[in-house]
Amino acid sequence: QHYPPKKLPGATGRAPDNPNESSPSAKHSQNRGYWPLGPTRLPAQEEISTLVLHELGDPLDALKLALEAQSVKVCSLRSFQEALPLLTGPNPPHLVFTQPKLLDGIWADVVNLAMKAPKPVNVIVVGRLANVGLYLQTITGGAFDFIVLPLTGYELTHIVRCAIENVLSRREAQALPV
């Protein structure tokens, strides 16, 4: 479910020579250690948008900066109530990164709201610590993924690319005439 069925543009099909290396070469250093997302199948005029739900000073602040470095439009909100109009509006974000617990809700509230959005939205739950039980709950509860920060640039790029490819495919299928 998390991996696209086809080879992505620019993929070499092999792992980097140094398994500890987070970027393929020095030419990508201008991306702050993150691999560029590269070309995606975006409809004309569509920009990838992301919502980050988190508390002030949380590690998701660093995630927000990393996503912006990937040329992803990021909106940062602090509560479930603030996210309601964005997720129920005509153009919800493609991706939502959320903490397991918010001031006024939990990850499951975000997933349930995303499932009701007018267009498909992928929710990625971001934990502070690895937690297999929470991982299983989020995945079986409808979240696209469960991640633990910090991530290397390669890991973040991979997760974001998979989530974007999946949500674009679902939105494309939804737009097809029945």
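Below is a short write-up of the structure.

Procedures and definitions
Residues numbered from 1 in each chain as written. Predicted model: local features only at pLDDT ≥ 70, side-chain atom pairs only at ≥ 80, totals over all residues. Heavy atoms only, no water. Helix = DSSP H or I, 4+ residues; strand = E, 2+ residues; numbered from the N terminus. Buried < 20%, exposed > 50% of the residue type's maximum accessible area, 1.4 Å probe, protein only. Areas by Shrake-Rupley, 256 points an atom, 1.4 Å probe, with all protein chains shown as cover. Core = buried A, V, L, I, M, F, W, Y, C linked by side-chain atoms within 4.5 Å. Contact = heavy atoms within 4.5 Å. Arc of directions from axis to C-beta. Pairing = 2+ DSSP bridges. Axes fitted to C-alpha atoms, helices over the stretch in contact; angles between N-to-C directions.

**A look at the overall build of the protein chain**
- Secondary structure summary: the protein chain contains 5 helices and 7 strands in total.
- Seen in sequence order, the protein chain has helices and strands lined up from the N terminus as β-α-β-α-β-β-β-α-β-α-β-α.
- The buried share of the protein chain, reckoned over its 178 residues, is 44%.
- Counting only carbon and sulfur atoms, one obtains 57% of the accessible surface of the protein chain, whose full area is about 9,900 Å².

**Quick look at the nonpolar core**
- If you look at the biggest cluster of nonpolar residues, it comprises 24 residues, and the most contacted ones within it are Leu63, Leu67, Phe97 and Ile147.
- Secondary structure elements with two or more residues in this core: α1 (60-69), β3 (95-98), β6 (122-127) and α5 (153-175).
- A total of 8 residues in this core trace back to one element, the largest contributor, which is α5.
- Not counting residues up to four positions away in its chain, the partners in contact with Leu63 are Phe97, Val126, Leu149 and Leu156.
- By size, the runner-up hydrophobic cluster in this structure holds 20 residues, among which are Leu87, Leu102, Ala114 and Val121.

**Some points on the environment of Val110**
- With respect to the element layout, Val110 can be found in helix α3 (residues 107-116).
- With 57 residues separating them along the chain, Val110 and Leu53 place their C-alpha atoms 9.3 Å apart.
- Setting aside chain neighbours within four positions, we find Val110 in contact with Leu53, Phe80, Val96, Thr98, Leu102 and Val123.

**Remarks on α1**
- Along α1, the residues classified as buried are Leu60, Leu63, Ala66, Leu67 and Ala69. When α1 is viewed along its axis, its buried side chains cluster within an angular range of 160° and face the same direction.
- Packed against the buried residues of α1 are β1 (49-53), β2 (73-77), β3, β6 and α5.

**Here we look at the sheet that holds β2**
- The 5 strands are arranged β2-β1-β3-β6-β7 in an open sheet whose pairing can be described as parallel. Only two strands of the sheet have a single partner each, and these edge strands are β2 and β7 (145-148). Across this sheet, the average inter-strand angle for adjacent strands is 20°, counted without regard to direction.
- The pairing of β6 with β7 spans 4 bridges and is parallel. The partner of Ile124 across the bridge, within β7, is Asp145.
- Running over the sheet, helix α4 (residues 132-140) touches β6 and β7 and is turned about 150° from β7.

Remember that the coordinates give geometry; whether it matters functionally is a separate question.
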